[in-house]
Amino acid sequence: MVLSKKDHLVGLDIGSSCIKVAEIQISKKGKTLKKFGMRSVAPEAIVEGRIMDMEAVADTIRTLFKSQKIRGKKVAISTGGQSVVIKTINTAKVPEKDLQKAILAEAEQYIPYDIADVNIDYQILGESEFSSEQMNVLLVAVKKDLVAEYMDLTAMAGLNAAIIDVDTFALQNIYETLPGQNPEEITLLLDIGASKTSLNILRDNISMMMRDNGSGTLQVIEEISARFETDLVTAENILQAPVADAPDPQVMASILQDLSNIWCSEISEAVHTFLANTNDAGISKIVLSGGGSYIQGFADDLKTELEAEVVIIEPFGGLDLDEKKFSREFISRVGPQAPIALGLALRRVDDK
Ligand SMILES: Nc1ncnc2c1ncn2[C@@H]1O[C@H](COP(=O)(O)OP(=O)(O)OP(=O)(O)O)[C@@H](O)[C@H]1O
Ligand SMILES: [Mg+2]
């Protein structure tokens, strides 16, 4: 299938610390990476997924598109965090024509917001494992004001948001294109960004549990800023430099170790809550993404904590790319931060 130009969308991941953009060409021959770039957002311009400084963020997006020479205006974007509710519910099977009404009636009890304030979407996952009369449905509710905020932002940047996806789904979307997986293994996709962590436990490529919390690299940056008495930008530079270059490497190592311990116990708790409700003994594999992947020692600590294989995602693995344009060094450096933009770039206008 060769997709016409009009179906084509630019993937735009509006992270709270860093905006990423990607373009992928899909043809009979495969998927080819055309563009990928990232640009930092001013500190506090986006707080917990909410746009605080529209003009500054729109400007960052415009500059990024310009520097990458991206002419496409139709984008796929995504949201996540506290304003997005994702739940798997179990409900009676009903005929197709009554489905929407039945699910909306059920949805009310699962969503902590007024139903009038959210956009609801759903996907049937299949028959319930407990009864042939029941089915599992994935329910997604996004606050309307959040959607309006992101639509305004993209319009201000001169773009048109054709799809508003969910971060976790975009990550799963690119993950499914990667080589070397065993879908039967229980796998945790773990994205630790600047201001949120999202967990998605998969079996047979179906999500068994999704959960977000407010942990992220911003916690480390704030701690560095407090301990070394620096502003946030300097603290972020310290974070990104080798530990040996920190003002006090020993203090720096202990900041990172403390954070790693906190993250490990939060993740372990979420995983054990999931396992308590299933017959599974443990998860086999953890695929780590987001800026949290760079934290020294964290992947090893997580491996010990959950007795699982831990790998850092290599999201370009299923794409063809020109190594003269995208060096190996670049691809491996930006890999952890790239998957959501890449997953969004695979979406098409007629996708749900
Ligand atoms: N080499 C590095 N070492 C340590 N930290 C790094 C490195 N490169 C980037 N980071 C940190 O990663 C964070 C950004 O990660 P990411 O791009 O996943 O966040 P985001 O998508 O903007 O945030 P969120 O998803 O929470 O909105 C920043 O805090 C940045 O300082
Ligand atoms: Mg992110």
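Residues numbered from 1 in each chain as written. Chains lettered and ligands numbered in written order. Predicted model: local features only at pLDDT ≥ 70, side-chain atom pairs only at ≥ 80, totals over all residues. Heavy atoms only, no water.

**Q** Any chance you could explain the overall build of the protein here in plain terms?
**A** In terms of helices and strands, the protein carries ten helices and 15 strands. Seen through its C-alpha atoms, the protein measures out along the principal axes to roughly 65 × 45 × 45 Å. By the burial criterion, 47% of the 352 residues in the protein qualify as buried. Across the protein, contacts joining residues at least 24 apart in sequence account for 66% of those joining residues at least 6 apart. Of the roughly 17400 Å² that the protein leaves accessible, carbon and sulfur atoms contribute 48%. Taking the average place of the 35 positive charges on the side chains of the protein and the average place of its 52 negative ones, the gap between the two points comes to 12 Å. (Helix = DSSP H or I, 4+ residues; strand = E, 2+ residues; numbered from the N terminus. Buried < 20%, exposed > 50% of the residue type's maximum accessible area, 1.4 Å probe, protein only. Contact = heavy atoms within 4.5 Å. Areas by Shrake-Rupley, 256 points an atom, 1.4 Å probe, with all protein chains shown as cover. Lys, Arg positive; Asp, Glu negative; His and termini not counted. Charge placed at Lys NZ, Arg CZ, Asp CG, Glu CD.)

**Q** Explain the site of ligand 1 here, please?
**A** Among the 18 residues in the neighbourhood of ligand 1, the closest are listed as Ser-16, Lys-20, Ser-195, Glu-236 and Gln-337. Take Ser-17: an N or O atom from its main chain is 2.8 Å from an oxygen atom of ligand 1. Here an oxygen atom of ligand 1 sits 3.0 Å away from a polar atom, N or O, in the side chain of Lys-196. In the complex, the protein chains occlude 89% of the 660 Å² of accessible area that ligand 1 would expose alone. Elements represented by at least two residues in the shell around ligand 1 include exactly strand S2 (18-27), helix H5 (217-227) and helix H6 (232-240). Looking at the shell around ligand 1, the element that brings in the most residues is H6, giving three residues. Looking at the shell around ligand 1 residue by residue, the classes come out as five nonpolar, ten polar and three charged. (Near = heavy atom within 4 Å. Polar contact = N/O pair within 3.5 Å; in protein donor to acceptor, adjacent residues only side chain to side chain. Nonpolar A, V, L, I, M, F, W, Y, C, P; charged D, E, K, R; others polar.)

**Q** What is the right way to look at the domain arrangement of the protein in this model?
**A** Often, the extent of an interface is quoted as the loss of accessible area upon association of its parts. Looking at the protein, the domain boundaries give domain 1 (84-142) and domain 2 (181-312). Domain 1 and domain 2 are separated by 30 Å when their C-alpha centres are compared. (Domains from an automatic or database assignment.)

**Q** Whenever I open this one, the pattern of salt bridges confuses me. Can you help?
**A** Pairing of side chains with opposite charge becomes possible as their charged atoms draw close. Within the structure shown, the criterion is met by 13 salt bridges. As a salt-bridge pair, Arg-203 and Asp-280 come within 2.9 Å of each other at their nearest N and O atoms. With a gap of 77 residues between them, Arg-203 in strand S12 (residues 197-203) and Asp-280 in the loop between helix H7 (249-276) and strand S14 (285-289) connect regions that are remote in the sequence. The exposure class of Arg-203 is partly exposed, given its relative accessible area of 26%. (Salt bridge = Lys/Arg side-chain N within 4 Å of Asp/Glu carboxyl O.)

**Q** How should I be thinking about the packing of aromatic side chains in this particular structure?
**A** Each aromatic ring pair is summarised here by two numbers: the centre-to-centre distance and the angle between the ring planes. This structure, assessed with the given rule, holds four aromatic pairs. Each ring, one from Trp-263 and one from Phe-298, has its centre 5.3 Å from the other, and the planes form 85°; the classification is edge-to-face. Highlighted residues: Trp-263 in helix H7 and Phe-298 in helix H8 (residues 298-306), separated in sequence by 35 residues. Here Trp-263 and Phe-298 have matching classes, each one buried. Ring-pair connections join several aromatic residues into one group, and the members of that group are Phe-36, Phe-316, Phe-326 and Phe-330. (Phe/Tyr/Trp six-rings, centres within 6.5 Å; stacked < 30°, edge-to-face > 60°.)

**Q** Teacher, can you tell me more about the pairing of strand S13 (residues 206-213) here?
**A** Across a regular strand the side chains alternate sides, sitting on one face of the sheet and then on the other. Pairing geometry for S12 and S13, over seven bridges, is antiparallel. Within the sheet, the bridge partner assigned to Thr-197 lies in S13 and is Asn-213. From the end of S12 to the start of S13, which pair antiparallel, there are two residues, and Asp-204 there has a positive phi angle of about 50°. (Pairing = 2+ DSSP bridges.)

**Q** What should I look at first to understand the packing of H5 against H7 in this one?
**A** The angle between the axes and the distance between the axes are what describe a pair of packed helices. Two numbers describe how H5 lies on H7: the axes approach to 10 Å, and their chain directions differ by 150°. Our pair here, H5 against H7, has a crossing hand that is right-handed. Side by side, H5 and H7 meet where Thr-217, Gln-219, Val-220, Glu-223, Ile-224 and Arg-227 of the first sit next to Val-251, Met-252, Ser-254, Ile-255, Leu-256, Leu-259 and Trp-263 of the second. For the contact of H5 with H7, the residue count by class is eight nonpolar, three polar and two charged. (Axes fitted to C-alpha atoms, helices over the stretch in contact; angles between N-to-C directions. Left-handed = near helix turned anticlockwise from the far one by under 90°.)

**Q** Would you mind showing me how to read the packing of helix H1 (residues 54-67) against helix H3 (residues 144-156) here?
**A** Direction vectors running N to C along H1 and H3 enclose 55°, while the axes themselves pass 8 Å from each other. Here H1 is positioned oblique relative to H3, judged by the angle of their axes. Read as a crossing pair, H1 and H3 show a hand that is right-handed. Contact with H1, carried on its side by Met-54, Glu-55, Val-57, Ala-58, Ile-61 and Arg-62, involves Glu-149, Asp-152, Leu-153 and Met-156 of H3 and no other residues of that element. Class assignment of the residues belonging to the contact of H1 with H3 gives a composition of six nonpolar, no polar and four charged. (Parallel < 35°, antiparallel > 145°, perpendicular 65-115°, else oblique.)

**Q** I would appreciate a short explanation of the nonpolar core in the present structure.
**A** In globular proteins that are soluble, nonpolar side chains generally tend to be buried together. Counting 36 residues, the largest nonpolar core has Leu-190, Ile-267 and Phe-298 as its most contacted members. Looking at this core, the elements with two or more residues in it are strand S11 (187-192), S12, H5, H6, H7, S14 and H8. Among the elements that make up this core, the one with the highest residue count is H7 (eleven residues). Apart from the residues lying within four places of it in its own chain, the contact partners of Leu-190 are Thr-197, Ser-198, Leu-199, Ile-267, Ile-286, Val-287, Leu-288, Ser-289, Phe-298 and Leu-302. (Core = buried A, V, L, I, M, F, W, Y, C linked by side-chain atoms within 4.5 Å.)

**Q** What is the right way to look at the sheet that holds strand S15 (residues 309-312) in this model?
**A** As a general point, the strands of a sheet are linked pairwise by backbone hydrogen bonds and lie either parallel or antiparallel. The five strands lie next to each other as S13-S12-S11-S14-S15, forming an open sheet whose pairing is mixed. Of all strands in the sheet, those with a lone pairing partner are S13 and S15, marking the two edges. Averaged over all adjacent pairs, the angle separating strand axes in this sheet is 20°, with direction ignored. The pairing of S14 with S15 spans four bridges and is classified as parallel. When the sheet's bridge partners are listed, Ile-286 is paired in S15 with Val-310. The strands that H7 touches are S11, S12 and S13; relative to S13, the one it contacts most, it runs at about 140°. Packed on one face of the sheet, H8 meets S11, S14 and S15 and runs near 155° to S14.

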